[in-house]
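What follows is the residue order along each chain.
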Amino acid sequence: MYNNRQDIPAYFRFLMKENSPMTKFRLAHLGLVMAAIGFTAAAPIAGFSSVAYAAETVRAEIGKPLQEAQKLAAAGKNKEALAKLKETDAVGGKSANESYLIERTRASVAVAAGDNDAAARAFEFVINSGKLSPAESAKFSEALAGIYYRAKDYPKAVTWFQRVLKDNPSNTSAHEYIVQILYTSGKYAEAAKELQASKNLSENQLGMLANIQLKQNDKAGYVQTLEKLAGSYPKTSYWADLLNRVSGKPGFSSTLSLDVLRLRLVNGLLTKPSEYMEMAQLSLQAGNPAEAIKIIDQGYKKGILGTGSDAARHQRLKDLAAKTQTEFDAKAAANEAEAVKAKDADALANLGYGLVSAGKADKGLPLMDQAVKLSTGRNPEAIKLHYGIAQNIAGKKPAALNTLKTVKGTDGTADLARYWTLNINHPM
C-alpha cells in the first residue's frame, strides 16, 4: 500500500514535517507558556541592597549585578545580561533565596538570549528550589520540557513532559509533544501506543495516528482511525478516502454502488457531470425516480449539468426521470397491492424507498418496515440499510440510528450503515 511519502494522502503529509503547522503551533504554545510565567524578559526585582525580599535579605554585591542584568535584559541586551550575572557566581556564601533570585533571572535572560543550556540549568534549579507554588511549578516544568524540545534533547524533553503529565494528566499539549518526539525519532509503535491509550484524541492526534498506521501498513487500523476523523472532524478529504477504501474492500458488493454514491452526494464529493448522470441512472434502475429527479436538479442548480457539449443528454435524462416518476405514481397503488399479496420483500422495500424519496414517508416507511420484518429479500441487510437511510430522509433521526445499528453483513452493508451513522451524527 503506502510505501513512500508520495503515496501518503496529502492531508497527512504535513504531520511528517518538522516545520509543519502542527510543530509551529507547538513551538508557539511554548512561547505562550514562557510568557504566562513571566519569561519574556526579567521581571523587575527592586531593592536588592540590604532590603527584605520574601522575608530574607539580598546583599548588595548580589543585588547590584542582578539589577544591572535586569536593565540590560530590558534593553534587549541579553547576552550582556548573562555576562553580568556571572559576577554573582563569584560571590560566596549565597543564601537559598539569593541563589533562587539569581537563577530565576538567569533563566529568563538565557531564554531570551537563546542559550538553551544555561536556560535549562537555571530552570531546573528554580523548579527544584521549593519556592514555586504547585501551579507555577507545573508551568515551569512545561517550559523546561519545551527548552529541551527546541534544543532537540528529546530524552530530557520526554522526561520533563512526563513529569508535567504526572502532575496534570489532562495536559493534552504535553502528551502531543511526547508523541511528536516519538514520531520524529522513528519510534512509530511507541507513538501509536501512546495515542491509542488516550481518549478524545484531537484531529491532529488522529491524523498522526493514521499516518503512523499507513507507515506500518496497518490497513484495518488506518480505516478505523479514518472513520474517527470523518465522524468527529468531517472533511471531504477524509470521506473521499474512506469511501474509496470501502468500495475497494475485498468482497464489497457492486449492488451497493448507489449507496456509496448517496454518501458521496451528501458529503459534497460529486463534482463531475458523469458522476451525477451515473447516480441518477442507478436510481432509475432501482425504481426510485424521485431520487433521480433530486440528483439531476441538484446537478443543474450547481451548474454541473445542463451545460457543455452534453447538455442535450442531460436534458434527456431529466425528461426520462420526470416521465418515470409519472408512471411510478400511476402504478404505485397496484404495485403495492401486488407486493403485499406476494410478500415480496424486495418489491416492498423498493416501492417504499421510492415513496419516501417522493416525500410520502407516511406511505413508504410502513412498506419498508414490512420488508425488513419479512427478511426474505435477496439481501435483507441491504433492505435494513435502505430503511435506515429512508428514516433519516423522513426526519426520523433516532429511529434511523436504531435501524442502522442492526445492519450486519460482510459485503459492505455493515460498513455503509456505520458510515451513515457517522454522517447523521456529524454531517458535513
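None of the values given here were measured: they were computed from a predicted structure. (Residues numbered from 1 in each chain as written. Predicted model: local features only at pLDDT ≥ 70, side-chain atom pairs only at ≥ 80, totals over all residues. Heavy atoms only, no water.)

**Description of the overall build of the chain**
- Within the chain, the secondary structure is distributed over 22 helices and two strands.
- The 428 residues of the chain split such that 46% are buried.
- Residue pairs at least 24 apart in sequence account for 58% of intrachain contacts in the chain once pairs closer than 6 positions are excluded.
- Here the chain displays about 20,700 Å² of accessible surface, and carbon together with sulfur accounts for 53% of that area. (Helix = DSSP H or I, 4+ residues; strand = E, 2+ residues; numbered from the N terminus. Buried < 20%, exposed > 50% of the residue type's maximum accessible area, 1.4 Å probe, protein only. Contact = heavy atoms within 4.5 Å. Areas by Shrake-Rupley, 256 points an atom, 1.4 Å probe, with all protein chains shown as cover.)

**Looking at the side chain of Asp-346**
- Summarising the element assignment, Asp-346 is placed in helix H18 (residues 345-357).
- Exposure remark for Asp-346: the relative accessible area of 14% places this residue in the buried category.
- A distance of 3.1 Å separates the side chain of Asp-346 from the backbone nitrogen of Arg-378, its partner in a polar contact. (Polar contact = N/O pair within 3.5 Å; in protein donor to acceptor, adjacent residues only side chain to side chain.)

**Regarding the packing of H18 against helix H20 (residues 380-393)**
- Interhelical geometry of H18 versus H20 gives an angle of 20° and a closest axis separation of 10 Å. Comparing the axis directions of H18 and H20 gives the class roughly parallel. Of the two possible hands of crossing, H18 and H20 adopt the one that is left-handed. From H18, Ala-345, Asp-346, Ala-349, Tyr-353 and Val-356 reach across to H20, where they touch Ile-383, His-386, Ile-389, Ala-390 and Ile-393.
- Among the residues making up the contact of H18 with H20, the classes are represented as eight nonpolar, one polar and one charged. (Axes fitted to C-alpha atoms, helices over the stretch in contact; angles between N-to-C directions. Parallel < 35°, antiparallel > 145°, perpendicular 65-115°, else oblique. Left-handed = near helix turned anticlockwise from the far one by under 90°. Nonpolar A, V, L, I, M, F, W, Y, C, P; charged D, E, K, R; others polar.)

**Let's talk about the packing of aromatic side chains**
- For the coordinates displayed, the defined rule picks out six aromatic pairs.
- The interplanar angle of 45° and the centroid separation of 5.7 Å between the aromatic rings of Phe-123 and Phe-140 together place this pair among those described as tilted. Taken together, the residues Phe-123 in helix H6 (residues 116-127) and Phe-140 in helix H7 (residues 134-150) connect sequence positions 17 residues apart.
- Of the residues examined, Phe-123 reaches a relative accessible area of 0% and is grouped as buried. (Phe/Tyr/Trp six-rings, centres within 6.5 Å; stacked < 30°, edge-to-face > 60°.)

**A look at the layout of surface pockets**
- Space inside the largest pocket adds up to approximately 580 Å³.
- Lining the largest pocket are 21 residues, and of these Thr-255, Ala-286, Asn-350, Arg-378 and His-386 lie nearest its centre.
- Looking at the lining of the largest pocket, the elements with two or more residues in it are helix H14 (257-266), helix H15 (273-285), H18 and H20.
- Along the lines of polarity and charge, the residues of the lining of the largest pocket split into eight nonpolar, nine polar and four charged. (1 Å grid on protein atoms, 1.4 Å probe; cavity = no way out; pocket = protein on both sides within 12 Å on 5 of 7 lines; lining within 4 Å. Points joined across faces, edges and corners; volume = space filled by probe spheres on them.)

**Re helix H22 (residues 413-425)**
- When the terminal C-alpha atoms of H22 are compared, their 18 Å separation across 13 residues agrees well with the 18 Å that a helix rising 1.5 Å per residue should span.
- With 10 of 13 residues buried, H22 is to be regarded as a mostly interior element.
- Along H22, the positions that sit buried rather than exposed are Thr-413, Ala-414, Asp-415, Leu-416, Ala-417, Tyr-419, Trp-420, Leu-422, Asn-423 and Ile-424.
- Here the buried face of H22 lies against helix H12 (219-232), helix H13 (236-247), H14, H20 and helix H21 (397-405). (Expected span 1.5 Å × (residues − 1).)

**Here's the deal with the UniProt feature "repeat: TPR" (unreviewed entry) in the chain**
- When the UniProt feature table is mapped to this numbering, "repeat: TPR" (unreviewed entry) covers residues 138-171.
- Within residues 138-171, the helical portion is 79% and the strand portion 0%, while the C-alpha atoms at the span's ends are 10 Å from each other. (UniProt positions renumbered as here; feature names shortened; annotations may be inferred.)

**Digging into H7**
- Given a rise of 1.5 Å per residue, 17 residues ought to cover 24 Å, and the 24 Å separating the end C-alpha atoms of H7 matches this to within 8%.
- Here H7 has its buried residues at Ser-137, Phe-140, Ser-141, Glu-142, Ala-143, Leu-144, Ala-145, Gly-146, Ile-147, Tyr-148 and Tyr-149.
- Directly after H7, the chain includes Lys-152, whose backbone phi takes a positive value near 60°.

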